[in-house]
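Residue-level structure breakdown
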Amino acid sequence: MQNISSQRFLQKSIDLRQWTRKMAIVAKTLKFCNYGEPADVLELVQEPLSSPENNQVLVKILAAPINPSDINTIQGKYPVKPKFPAIAGNECVAEIQEVGSCVKNLKKGQRVVPFVMGLGTWSTHAIYDEDQLLPISDKIGLAEAATLTVNPCTAYRMLKDFVEVLPGHCVIQNGANSAAGQAVHQLCKAWGINSVGVVRDRPDIQDLKNYLKKLGATEVLTEEEVRTSKIFKGNQLPRPMLALNCVGGKSATEISRHLDDKGVMVTYGGMAREPISVATAALIFKDISFRGFWIARWTKKNCTAPERFKMFENLLKLIEQKQFVAPVHEMVPLEKYKDATKASFDLKGFAGKKYILCMQ
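Cut-offs applied
- Residues numbered from 1 in each chain as written.
- Predicted model: local features only at pLDDT ≥ 70, side-chain atom pairs only at ≥ 80, totals over all residues.
- Heavy atoms only, no water.
- Domains from an automatic or database assignment.
- Contact = heavy atoms within 4.5 Å.
- Buried area = accessible area lost by both parts, 1.4 Å probe.
- Salt bridge = Lys/Arg side-chain N within 4 Å of Asp/Glu carboxyl O.
- Polar contact = N/O pair within 3.5 Å; in protein donor to acceptor, adjacent residues only side chain to side chain.
- Nonpolar A, V, L, I, M, F, W, Y, C, P; charged D, E, K, R; others polar.
- Helix = DSSP H or I, 4+ residues; strand = E, 2+ residues; numbered from the N terminus.
- Buried < 20%, exposed > 50% of the residue type's maximum accessible area, 1.4 Å probe, protein only.

1. Looking at the domain arrangement of the chain
Domain annotation of the chain identifies domain 1 (26–147 + 326–358) and domain 2 (151–297). Contacts between the two partners involve 12 residues from domain 1, matched on the other side by 13 residues from domain 2. When the two sides are added together, the surface that domain 1 and domain 2 hide from each other amounts to roughly 1,000 Å², 55% of it contributed by carbon and sulfur. Joining domain 1 to domain 2, the criterion identifies zero salt bridges. The tally of links from domain 1 across to domain 2 stands at two residue pairs in polar contact (both at pLDDT 80 or more). Looking at the side of domain 1 that touches domain 2, its residues break down into nine nonpolar, two polar and one charged.

Written out as structure tokens, the structure reads:
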């Protein structure tokens, strides 16, 4: 009897050690089970994770930004509706901790970013499938890597997919100090395109103008200045064939007035929460067009398309060459998520900087 009892005790000890090894990681995760304001519905919970199996990969998330779409998703105002309980967040940069037995193209220690939307990234650790991740160089800064897959890709596709914008041509955009706006300026500079940005007036307007010009803006105007600006008359700058709108309302109307014949305005946001009003003369006499863009739809349609891999290759190359930097940002500890999400929800918070949750 003693031998049988000893054997059972030994087997239980072995099983316990195996289970402990398998459940060695306890992740801190921001989850929500109902829609509402982030500070009210998000809950920081601890969740044990098992070792990855087959094609799975265990990652340690290093940093994850707070985007407007993340806030809208938590509020229930975004077209993408997660299944509850849901992990918040859509972007991140992570480091691989362990790989499953069938993983072929990823290895421990590599840095990765999400290759698909909606993974849930506001967590210290996570288990994803191999094909849901894109490996990147560890030479890429944390902020640049964490914010790679939304705003830079949005800017890249809008500059590539609607009008043939060549070196020497001109693009005009409102919300020019947004994360996507900063990306547009940098890409235009790298590609030799003139970039005119429109921003709201503020006490430190000259500092903002100087910063955006340093990024790559050819000219920066306030919403009041753009109404009477003559920069597109004479030989100063060519009239833009492409306008990018993330504000709506009067701001969108004003930038559309500057479009050249058969120009296109692409709308990818509506911060003013006002509809777009179009000048009748611009429609009749210029035959301008109005389009919309949503990076989530484009990604779903072109997930494994060659042009998507080329886009990432080009963006990462620009980052490594120091020709592309992350938007103005602040790293915030995960535990301070309530303050960060509140600040991000405030339009003034978006105008000033992007908040990035730091998981380290």
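2. Topic: the pattern of salt bridges
On inspection of all chains with the given rule, the structure shows nine salt bridges. Linking Glu330 and Lys353 is a salt bridge whose minimum nitrogen-to-oxygen distance equals 2.6 Å. Of this pair, Glu330 sits in strand 15 (residues 329–333) while Lys353 sits in the loop between helix 14 (347–352) and strand 16 (354–358), placing them 23 residues apart in sequence. Here the residues in one salt-bridge network are Arg227, Glu254 and Arg257, joined through shared partners.

3. With respect to helix 3 (residues 68–75)
The element helix 3 is largely enclosed, with a buried count of six among its eight residues. Regarding helix 3, the residues found buried are Ser69, Asp70, Ile71, Thr73, Ile74 and Gln75. Tucked inside the fold, the buried residues of helix 3 contact strand 1 (25–32), helix 2 (38–41), strand 3 (56–65) and helix 13 (337–345). Remark: Gly76 follows helix 3 within two positions and exhibits a positive phi of approximately 85 degrees.

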